[in-house]
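Architecture and fold: a report
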Amino acid sequence: MPKVFYTQPDGTVVAVAASPGDSVMATAVRNGVSGVVGQCGGSLSCATCHVYVDEAHRDELGTPGEDEDEMLDCTASDREDSSRLSCQLIIGEGDVHVTVPPEQL
Amino acid sequence: MNQIATDYPFAPVSAAEAAERYRAIAADRPMTKVTMPFGGDAWVIHRTEAARAMLGDPRFVREPFRTGERVVPYFVEFPEFLRQTLQFEDPPHHTKLRRLVQKAISPKQVRAMRDSAVAYANSLIDEMVAKGDTADLVHDYALPLPIQMLCNLLGVPPEDHDKFEKWASSTLAVAGMSEDDVVANMAELYMYVVELIQLRRREPLDDLISSLANARDKDDTLTDEEILPIAMLLVVAGFDNTANFITTGIASLLQHPAQLELFLTDPDGLAPTATEETLRHGRFSLGIPVAGGGALVPFVATEDVEIDGQLVAEGEAIMIDPGATAHDGIALPDAERFDITRQNNPQLTLSYGLHHCLGAPLARMEMQVALAELFKRLPQIRLTSTPVINHDHLSQPITRLDATW
Ligand code: FES
């Protein structure tokens, strides 16, 4: 079973067992990982599920689509090259490492 | 099955008893079928998890209400002009309109607006202090703050703020105006917004009306008919609710001395969680009777869907009661306690999913700023009478909150 590792802004890491096909946002919310809010439930309209993706998986997780790209300009914490909206990150067979930004709202 | 578990909606009872009933009802079943005073039967969801499942499921839509194919099952007759707004649109049209507005009140934009909100809150406090040592916190503080922020956001020129406030507040529950005055004011507001759209089309500035008026979609620009309802929704939803939330937050803190003492140790640090707790706990903090029945706008099932073991049949209407889900005893064990440090706060007052409140980041920011600044400046503030509530209005707002410092 793949795991998602969420690094919090203070450096602590929360590891959660995940199911392939689920999103990084849904996995966080279901397991009470703080810092991932996901108010729109994954419909790409709130920008409150922002995370920074670890260098190692950027390729396997693809690049943001046009709509995600637009919404990434709306995030509370600064956008970086590694920024993604975690409702759009679908978990495959391997582990995923992401960092939660300091602010979501 | 005991009697308590079967009764929903229920008439006003003490907050403690309301919490007890909500817990019992949620333990018993995820939702209840209720016959509404208007529009017939609808399911009302009591459990947080069931509510999230429904709100996140695209098989529930609002289209039939907008087209008039169905009457909105609700406690009051749902106003026509609100049925034409974004909240009754479904994708893909909803997505297009929503995105345009979203950018103007995104978390990022709202962060940039925070400093001006702090400055304005402080200027309101300056005025109150200059006038003496008492104030009605609704009219002197909780209402003008969101109105000012909304004017700035929409691009209402400073010289028009007073007119705008007068028209816009006639839509408010707290205004207590006659039906005729409300209609007249609404008509003036409509005309004003129409003219503002035209002005900003010709002379765009850096505001929401300008960006809507000049937004170029792939195929087309937005028409005035599309922009107007968005602007009206923002006016109506934008400060009535926010003002009400701010007042509830202030009153809740003033009525829970231990929580207030805690808040005063770190107002900026505790404002975010105090805000969430205010949104969740709502009227339970005010020490007044609470009725089981409040609900967000319903959806219609486009096919048979099972939620939390309950079949919702195609064509049935369904809504959530955020007061019930916030006190379901399942998502939140000690829900009756007002606790401004609560970290896990799954409240649904601003909804969730596709139709979660577009202005949520702005409303939250205004609430946080309003609470932190007031108590930082006037830590000794206290109520001089019990909050005055308008029980005749659906949202039962606090219309007066007299305080001294
Ligand atoms: S959950 Fe709203 S954009 Fe991802």
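Residues numbered from 1 in each chain as written. Chains lettered and ligands numbered in written order. Predicted model: local features only at pLDDT ≥ 70, side-chain atom pairs only at ≥ 80, totals over all residues. Heavy atoms only, no water.

1. Overview of the interface of chain A and chain B
Note the following rule: Throughout, a contact is declared for two residues whenever any of their heavy atoms are within 4.5 Å. Accessible area that two parts lose when put together, with a 1.4 Å probe and added across both, is what the buried area reports. Whenever Lys or Arg places a side-chain nitrogen within 4 Å of a carboxyl oxygen from Asp or Glu, that contact is recorded as a salt bridge.
Each partner contributes residues to the interface: chain A has 23 residues there, and chain B has 16 residues. Carbon and sulfur atoms supply 51% of the area buried between chain A and chain B, which totals about 1,600 Å² over both sides. When residues of chain A are sorted by the area they lose upon contact with chain B, Gln39, Ser45 and Cys74 of chain A head the list and together hold 32% of the total. The interface formed by chain A and chain B includes one salt bridge. A salt bridge links Asp78 of chain A to Arg111 of chain B; the shortest N-O distance between them is 3.4 Å.

2. Considering the sheet that holds strand β2 (residues 31-36) of chain B
Residue and element names in this part refer to chain B. Stated precisely, the cut-off is as follows: When DSSP locates at least two bridges between a pair of strands, those strands are taken to pair. For helices the rule is a DSSP run of H or I covering at least 4 residues; for strands it is a run of E covering at least 2, with both sets numbered from the N terminus onward. Think of each axis as a best-fit line through the C-alpha atoms, taken over the contacting stretch in the case of a helix, with angles from 0 to 180 degrees between the N-to-C directions.
If you trace the five strands from one edge of the open sheet to the other, you get β2-β3-β10-β7-β4, paired in mixed fashion. Edge positions in the sheet fall to β2 and β4 (60-61), since each has one partner strand and no second. Bridge count for β4 against strand β7 (residues 299-301) is two bridges, and the pairing is antiparallel. For Val61, the partnering residue across the bridge sits in β7 and is Val300. Across the sheet, helix α3 (residues 48-55) is in contact with β3 (40-45), β4, β7 and β10 (317-320); its angle to β10 comes to roughly 125°.

3. A look at the pairing of strand β5 (residues 96-99) of chain A
Each regular strand carries side chains that alternate between the two faces of the sheet. Residues and elements named next belong to chain A. Where we set the bar: Any residue under 20% of the maximum accessible area for its type is buried, any over 50% is exposed, and the rest in between are partly exposed; the area is computed with a 1.4 Å probe on protein chains only.
Of the two faces of β5, the one lined by Val96 and Val98 is fully buried and the one lined by His97 and Thr99 carries no buried residue. As judged from the four bridges shared by strand β1 (residues 3-7) and β5, these two strands associate in the parallel manner. Opposite Val4, over in β5, you have Val96 as the bridge partner. Relative to β5, strand β3 (residues 50-53) runs antiparallel, the two being bridged by two bridges. Opposite Tyr52, over in β5, you have Thr99 as the bridge partner.

4. What to know about the packing of helix α9 (residues 144-154) of chain B against helix α17 (residues 360-377) of chain B
Two quantities define a packed helix pair, namely the angle between the axes and the distance from one axis to the other. Residue and element names in this part refer to chain B. As a reminder, the rule being used: Roughly parallel covers angles under 35 degrees, roughly antiparallel covers those over 145, roughly perpendicular covers 65 to 115, and oblique covers all other angles. In this scheme the handedness of a crossing depends on how the near helix is turned from the far one: anticlockwise by less than a right angle means left-handed, clockwise means right-handed. Residues are grouped as follows: Ala, Val, Leu, Ile, Met, Phe, Trp, Tyr, Cys and Pro are nonpolar; Asp, Glu, Lys and Arg are charged; all remaining types, including Gly, are polar.
α17 packs onto α9 with a crossing angle of 140° between their chain directions and a minimal axis gap of 11 Å. The orientation of α9 relative to α17 falls into the category oblique. For the pair α9 and α17, the crossing hand works out as right-handed. Residues Leu145, Pro146, Met149 and Leu153 of α9 lie in contact with α17, whose contacting residues are Leu362, Met365, Glu366 and Ala370. Partitioning the contact of α9 with α17 into residue classes produces seven nonpolar, no polar and one charged.

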